[in-house]
Amino acid sequence: MTPHQDMGYYVGFRNLAVASAELDAHPPRVLKKGRLRRARSAFRPFRRPSRTVSRRTPGPSAREGEAVIAVKAASVNPSDLKNVAGQMEGTVLPRVPGRDFSGVVIDGPGDWIGAEVWGTGGDIGFTRDGSHAELLSPPVAALVRKPERLSFEEAAVSGVNFVTAWLGTVDTAQLAQGETLAVVGVSGGVGGAVAQTAHALGARVIGLDRAQPADGTPAASAIDGFVELGGDPKGVGEQVRELTGGKGADVVFDTVGGVTTPTALASLAHRGRLVVISAVGTRTVEIDLLDLYHNETRILGCDSRRLDVVQSVARLGRLAPYSESGRFRPPAVGRCHDLDNGKDAYLAVANRARGRVVICP
């Protein structure tokens, strides 16, 4: 039997367990009360919601090369829901989910005790236990101090968004000052972070989305122009060219992918770079190879899950001065839930609640 075929994925919190075989079709639900001293996942045979488990586990102590963090806030990302539903590759079970976090070091090297830290990682919640818990045990090398300007909640919703933005914009596309970047999905968490990153690097930024970012949002303050998504991809591409003197965008960062790929390709300048981080609606697209090579287009895949927590926080260290100065603003936090109501946090994300959703143990 392959993982997730005939089994459920139980996500353990302090006092509840959330289960889902197909989260998109069946939102998470409370299964059974428990008294876990530390959040824990249980992977058990699952066919009906009535088949429940609860487990008590002791909290961790710092092993050689590791620290223990008391989690103060942890974002619930769409990828966390997909992970719980068995839709993410490479997850090793049993597993506590949760990728982004902020908190206080309570065990480990003496000079780190009491430090306020933040983090994220492509391994957290997938191959090592994640942040939807009271305690988290990352490597000492993954410790990086949280910007004082950010609250714990704001720091928790920054991680994967800004690390992905930095990875795609700086490391992958190598965006240069004076170039133009178009970001598809500018109103989303990653899209807003991409817009701010490109703006901080001295690029001109054009946002593409179904609706213009609301006034006062981080994305709205970072873009120089906006094009509404919808209709003919070539028509959208022409609007981007009108905003760039007929040239097109040097870089298109497509945070959606799949259904938006034709629009992204149509918006590129000669020798433009397309950054792809996702595929929504379809995993396959039709590309005119003549157009591709005549335009000398470069398509660049970018997967932040390839960065483990140590590699991710190294980028957070580079981002921190921008956050500390206020040049990088986190997405708005919409609601916070304690672990007893972790189910509600997952449901809020599944139901596309406004603002970022955070678990505060």
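Computed from a predicted structure; not experimentally measured. (Residues numbered from 1 in each chain as written. Predicted model: local features only at pLDDT ≥ 70, side-chain atom pairs only at ≥ 80, totals over all residues. Heavy atoms only, no water.)

### Looking at the pattern of salt bridges
So, step 1. With the rule as written, the count across this model stands at ten salt bridges.
So, step 2. The shortest N-O distance in the salt bridge between Asp 303 and Arg 306 comes to 3.7 Å.
So, step 3. Taking the relative accessible area as the measure of exposure, Arg 306 reaches 69% and is therefore exposed.
So, step 4. Three or more residues are tied together by salt bridges with common partners; here these are Arg 63, Glu 66 and Arg 128. (Salt bridge = Lys/Arg side-chain N within 4 Å of Asp/Glu carboxyl O. Buried < 20%, exposed > 50% of the residue type's maximum accessible area, 1.4 Å probe, protein only.)

### Concerning the pairing of strand E11 (residues 249-254)
So, step 1. A large share of E11 lies buried, amounting to six of its six residues.
So, step 2. As judged from the four bridges shared by strand E8 (residues 180-184) and E11, these two strands associate in the parallel manner. Residue pairing for E11: Val 183 is matched across the bridge by Phe 253.
So, step 3. The pairing of E11 with strand E12 (residues 268-276) spans five bridges and is classified as parallel. Paired with Val 252 across the two strands is Leu 274, which belongs to E12.
So, step 4. A crossover links E11 with its parallel partner E12, the connecting element being helix H7 (residues 261-266), and its sense is right-handed. (Helix = DSSP H or I, 4+ residues; strand = E, 2+ residues; numbered from the N terminus. Pairing = 2+ DSSP bridges. Right-handed = clockwise from strand over helix to strand, strands pointing away.)

### Topic: the environment of Val 275
So, step 1. Checked against the element boundaries, Val 275 lands in strand E12.
So, step 2. Sequence separation between Val 275 and Val 252 is 23 residues; the distance between their C-alpha atoms is 6.2 Å.
So, step 3. If near-sequence neighbours (up to four positions away) are discounted, Val 275 is found in contact with Gly 168, Ala 173, Val 251, Val 252, Phe 253, Asp 254, Leu 300 and Cys 302. (Contact = heavy atoms within 4.5 Å.)

### What to know about the packing of aromatic side chains
So, step 1. A complete count under the given rule lists three aromatic pairs for this structure.
So, step 2. Centroid distance Phe 162 to Phe 328: 5.2 Å. Interplanar angle 25 degrees. Geometry classified as stacked. Here the residue Phe 162 occupies a position in helix H3 (residues 159-172), and Phe 328 occupies one in the loop between helix H9 (309-325) and strand E14 (333-337), the gap between them amounting to 166 residues.
So, step 3. A centroid spacing of 6.1 Å and a plane angle of 55 degrees characterise the contact between Trp 166 and Tyr 322, whose relative ring orientation is tilted. (Phe/Tyr/Trp six-rings, centres within 6.5 Å; stacked < 30°, edge-to-face > 60°.)

Note that all results are geometric; they support no functional claim without further evidence.
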